[in-house]
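Analysis of the macromolecular model
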Amino acid sequence: MTETIESLLKEQQEFQPPEDFVKNANMNDPHIYEKAEADIEGFWEGLAENIDWFKKWDTVLDWQPPHAKWFNGGKLNASYNCLDRHVLKHGDKTALIWEGEMENSETYTYKELRDATARFAAGLKELGVKKGDVVTIYLPMIPEAVIAMLACARIGAPHSVVFAGFSSEALAQRVEDAHSRFVITCNGYFHKGNLIQQKERADKGLENAPAVEKVIVVDHAANVIPMKKERDVWWNDVIHNMDSECEPEPMDSEDILFIMYTSGTTGRPKGVVHTTGGYMVGTHVTSNWIFDLKDDDIFWCTADIGWITGHSYLVYGPLSNGATIVMHEGAPDYPDKGRFWDIVEKYGVTIFYTAPTAIRTFMKWGDEIPEKYDLSSLRLLGSVGEPINPKAWLWYYEIIGKSKCPIVDTWWQTETGMIMISPLPGITTMKPGTATRPFPGIKANILDDEGNEVPMGSGGYLALQNPWPSMIRTINGDEQRFIDTYWSKWGTDTYLAGDGARKDEDGNFWILGRLDDVIKVSGHRLGTMEIESALVSHPSVAEAAVDGKVDEIKGEVIYAYVILDSSCGDSCSLLEDELKQHVVDEIGPIARPKKIIFTEELPKTRSGKIMRRVLKAITNGTEIGDISTLQDPAVVEDLKRKVNEIG
Ligand code: ATP
Ligand code: MG
């Protein structure tokens, strides 16, 4: 039987990018889509010319589904492309502005960043790191994290960055999985004014990873820590006496650049393997066209380097374009809730890229906070990580972008390496809530179980039907899981993204939610996203997560977890019926929540996404499983109790 997902959300208003933005945009040719489609390999080959190669490729694409080799035979180095080639042109241009938690800051020019990278790369070699050795980076948002990534790339050692806020166990698991013998960490760092004992956490994890030979420790917080003899060495000792002439290793296009573990929203994290040539081509062009990077832009991507967004759009994409990037260590509410806008004002940030969870939080904190700051430097805004609800989109557009900045809502995944669906800000008509169109050269579609395209407007599985340069090559150490997860539903040439989506008559893609979270009510299959957006569109609701509870009669009934706006006070609980009716009014009676559970927090991953499998377990009273990557494990008990109370 063919099952699709029903889509109920009503259409939204449209926004055009400002005229002068269009005129000056890096990409403003509306025919670029057809041009790319007419000759996809030629399209990517042309873009590969924007990267510096030590040796040109022999073939653009060798596609033996599901295995792709891009630019095979070509030789290049990612660190050379991000650093050296810009030093030749403008070594004194600022590459990196780092803003510390304590409002301290540092800047690096391209030349300084190149030299620091080469010096550390030379030090890594001296320690015995060889081409092909996986180096685990367990660092917070400090310049050394970027330097370490680029230094690994320089000598051909794949890096595996583990989010600094992850637990000892999460670190150990990833170190083991990657067979990594080298770890880079720091003594400590500050988070909201508190000292985090990072080295202690690393040591605890590494007790369970005996294969680790060397641990390099950055002195970041000046806290005194024990150093394990033979194993531990200080970063400063590693670079001491090293000169800055470590030549970039010529890497094969298909050599591994890094392993990155997925966020773990749906299950055990997957070690996604990315290679060099295709990844650089994909992140370079998407940075250039989607973020419209210009010479004088100040680009701030708020993502942590522990996520793919931090890899592709804090490091490799923008630096390969020679841009100036901002990197921030710390939280959006420390020392106060105006921190992000303070940074935008301080550095004149022009392009700002963040996640819906942050935008909804700012919205909850109130307009008066951003309104205190001069945000006039901003010219383009971006969103990634989850569907952005239309209400949050509009707030972002009006309050942060002052109705003059296009918003790029970018859909992509750790596995895709680069943005796959997004407006091109010099071309696309925007509609709040949709990531709009696939990037030129990307063939996305909405399919049913048999692999047929669903009728226009219906929901189904989001699938990618063409290979693309920065695509996942395998899951580290688990080729079978790679094939089973992404390439088995319809055959090995079609990629199953794992998200439900629908297409509207203008060709825009609307993400409906995770496929695993489709709620089945009385024979209807509903995505979580539209119901959540309907709830959030109520003036008193800041955030919402919906889930299905197994029900004998209806199959499932809808449970909605709701965070109210701070302004709504004590009358909140009276809102239950009103919110149910609001959903009915917005999208129809079938989506009426059975229960509304008011809460202060939702179970979220460290990257701020609702952790669906945990929510599912809470709703249905089943085994919760591993919550070590949850932001705040305490919310689980609280929600379990609330669900229990309502029976
Ligand atoms: P795991 O794969 O371990 O469950 P994850 O899918 O959350 O974790 P990521 O690769 O970081 O890990 O996230 C990709 C997912 O994030 C997408 O599949 C999609 O569900 C969601 N996503 C990202 N950007 C958008 C967007 N602009 N609109 C809607 N959803 C998005
Ligand atoms: Mg995923």
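Residues numbered from 1 in each chain as written. Chains lettered and ligands numbered in written order. Predicted model: local features only at pLDDT ≥ 70, side-chain atom pairs only at ≥ 80, totals over all residues. Heavy atoms only, no water.

The protein goes by Acetyl-coenzyme A synthetase in an unreviewed UniProt entry, where it is assigned to Methanococcoides seepicolus. As stated in UniProt under Cofactor (unreviewed entry), the record for the protein gives "Mg(2+)". Comment text from UniProt for the protein, heading Catalytic activity (unreviewed entry), reads "acetate + ATP + CoA = acetyl-CoA + AMP + diphosphate". (UniProt positions renumbered as here; feature names shortened; annotations may be inferred.)

Once that is clear, we can look at the sheet that holds strand S4 (residues 94–99). Remark on secondary structure: sheet strands pair via backbone hydrogen bonds, oriented parallel or antiparallel. Spatially, the 7 strands line up as an open sheet ordered S5-S4-S17-S16-S18-S19-S20, and their pairing is mixed. Strands with a single pairing partner mark the edges of an open sheet, and in this sheet they are strand S5 (105–109) and strand S20 (407–410). The mean angle between the axes of side-by-side strands here comes to 15°, regardless of whether they run parallel or antiparallel. Examined bridge by bridge, S4 and strand S17 (residues 324–328) share 4 bridges and lie parallel to one another. The residue bridging Glu 99 from the neighbouring strand is His 328, located in S17. (Pairing = 2+ DSSP bridges. Helix = DSSP H or I, 4+ residues; strand = E, 2+ residues; numbered from the N terminus. Axes fitted to C-alpha atoms, helices over the stretch in contact; angles between N-to-C directions.)

It is worth spelling out unusual backbone geometry at this point. Cis geometry is found at the peptide bond from Pro 65 to Pro 66, where omega equals 0°. Following the sequence through the fold, Pro 66 ends up in the loop between strand S1 (59–64) and strand S2 (67–72). Looking along the chain, the bond that leaves Tyr 334 and enters Pro 335 is cis, with omega of 0°. Here Pro 335 shows up in the loop between S17 and helix H12 (339–347). In this structure, Glu 230 is a non-glycine residue whose phi angle is positive, near 75°. Mapped onto the secondary structure, Glu 230 falls in the loop between strand S11 (214–218) and strand S12 (232–234). Despite not being glycine, Ser 403 shows a phi value in the positive range, around 60°. Checked against the element boundaries, Ser 403 lands in the loop between helix H15 (390–400) and S20. Residue Ser 403 is classed as partly exposed on the basis of its relative accessible area of 41%. (Buried < 20%, exposed > 50% of the residue type's maximum accessible area, 1.4 Å probe, protein only.)

Moving on to the pattern of salt bridges. On inspection of all chains with the given rule, the structure shows 42 salt bridges. With a shortest N-O distance of 3.1 Å, Asp 333 and Lys 192 are connected by a salt bridge. Separated by 141 residues along the polypeptide, Asp 333 in the loop between S17 and H12 and Lys 192 in the loop between strand S9 (189–191) and strand S10 (194–196) bring together distant segments of the chain. Looking at Asp 333, the relative accessible area reads 25%, which means it is partly exposed. Lys 192 gets classed as partly exposed once you look at its relative accessible area, which sits at 38%. A salt bridge links Arg 231 to Asp 232; its shortest N-O distance comes to 2.6 Å. By relative accessible area, Arg 231 is classed as buried at 10%. Its relative accessible area of 10% is what places Asp 232 among the buried residues. Sharing partners across several salt bridges, the network here consists of Asp 84, Lys 111, Arg 114, Asp 115 and Arg 154. (Salt bridge = Lys/Arg side-chain N within 4 Å of Asp/Glu carboxyl O.)

Let us look at helix H10 (residues 277–290). For H10, spanning 14 residues, the distance from its first C-alpha to its last is 20 Å, which sits close to the expected 20 Å at 1.5 Å a residue. The element H10 is largely enclosed, with a buried count of 14 among its 14 residues. One or two positions beyond H10, positive phi appears at Asp 292, with a value near 55°. (Expected span 1.5 Å × (residues − 1).)

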